[in-house]
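# Observations on the model geometry
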Amino acid sequence: MKKDELLKAIEEKYDKLGVPLETMLEGLLHSTPITYWDYIQTDALLGLQIPRTTEKDEMVFIMYHQVNELLFKMILWEIDQISLAKETVSAEKFSKHLMRISRYFDMLCSSFDVMGEGMDVEQYLKFRNTLAPASGFQSAQYRKIEFASTELINLIDARYRNTIDRNSSFRNAFEHLYWQAAGKNHKTGEKSILIQLFEKKYMGDFIDFMEDYNECNLSKKFQQLPEDVQKNPKLIKAMRHYDYTVNVKWVLAHYNAAGKYLGGGDKDLEATGGSNWRKYMHPKYQRRIFFPYLWNEEELKNWGTF
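Below you will find a few notes about this structure. (Residues numbered from 1 in each chain as written. Predicted model: local features only at pLDDT ≥ 70, side-chain atom pairs only at ≥ 80, totals over all residues. Heavy atoms only, no water.)

On to the overall build of the protein chain. Within the protein chain one finds 16 helices and zero strands. In the protein chain, which comprises 306 residues, the share counted as buried stands at 42%. Across the protein chain, every contact between residues at least 6 apart in sequence was considered, and the portion connecting residues at least 24 apart equals 71%. Surface summary for the protein chain: the accessible area is close to 18100 Å², and the carbon and sulfur share equals 54%. (Helix = DSSP H or I, 4+ residues; strand = E, 2+ residues; numbered from the N terminus. Buried < 20%, exposed > 50% of the residue type's maximum accessible area, 1.4 Å probe, protein only. Contact = heavy atoms within 4.5 Å. Areas by Shrake-Rupley, 256 points an atom, 1.4 Å probe, with all protein chains shown as cover.)

All right, on to the nonpolar core then. Core analysis: the biggest nonpolar cluster contains 71 residues, and Phe105 and Tyr242 have the highest contact counts within it. Elements supplying a minimum of two residues to this core: α5 (58–83), α6 (91–116), α7 (121–127), α8 (140–149), α9 (170–175), α10 (193–212), α11 (218–223) and α13 (233–262). (Core = buried A, V, L, I, M, F, W, Y, C linked by side-chain atoms within 4.5 Å.)

As a further point, take the environment of lysine 56. In this fold, lysine 56 is placed in the loop between α4 (42–46) and α5. In this structure lysine 56 comes out as exposed when scored by relative accessible area, which is 68%. As for lysine 56 and leucine 98, which are separated by 42 residues in sequence, their C-alpha atoms are 37 Å apart.

Right, let's talk about the packing of aromatic side chains for a bit. On inspection of all chains with the given rule, the structure shows 29 aromatic pairs. Here phenylalanine 222 and tyrosine 293 contribute two aromatic rings whose centre-to-centre distance is 6.0 Å and whose plane-to-plane angle is 10 degrees, an arrangement assigned as stacked. Of this pair, phenylalanine 222 sits in helix α11 while tyrosine 293 sits in the loop between α15 (283–286) and α16 (297–301), and the two are 71 residues apart along the sequence. On the basis of relative accessibility, which here comes to 2%, the residue phenylalanine 222 falls in the buried class. (Phe/Tyr/Trp six-rings, centres within 6.5 Å; stacked < 30°, edge-to-face > 60°.)

What follows is the structure, encoded as structure tokens:
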């Protein structure tokens, strides 16, 4: 674009915003050049790691989970390119964003080696005692990824999935989500401090998010596509890859990492949140499947073991 054309386009843009071109150009004249460290906010980012102990490997633990949260944010951003799109989403666009999301989860799965091989067990068992009752369970972004990916019924605890009233309130659905099992005594209904703190912080936000994505989660958006698009082999492959990566591969990577640090000996150690992590974490117990209609009967039966 030529200089005159470029200036005219800029003037038209700022006219629509009610800002005179001269004002914008004068501001540009006095502004300082952008730098990498200002743009990325490097100083702020690198100031967020605050260990609670003198154990050196705690720094690895903190940074690893902060990287996870950044990747979760990227995943939610990509989901919204599909879920919140105003126009009809094509098979190509749907597949493109799904594969981006799956690559992020592939990174998350492989990154467990960074933590698993990057922390001494002895050091971990020392600093972990300062973390209770905090737990990775309390990642709000991860829960939002689940809500934005599938219908709520697929996130209900498998023990209640066939009997729960699907027309009940979002609050009732929340009380029966599969991850409630990690911190609730189902005989007494009493919730652990892990769950209590989590709900105090995020429940209102979660209920609103569940409602917002109830009709525009990835599963719903897929089922709203034309029938011929739903049968697109590339799209189906992308959907299945995402489902398996999140709900089997990622979960088992986490499970195996926990086994290294909490398993062995005569008795497994409790997770910092107090959950029975072997039963809570393994996908064959969780039975969490985002797109069950894309898997055959045998695959569903052996979920988490194939």
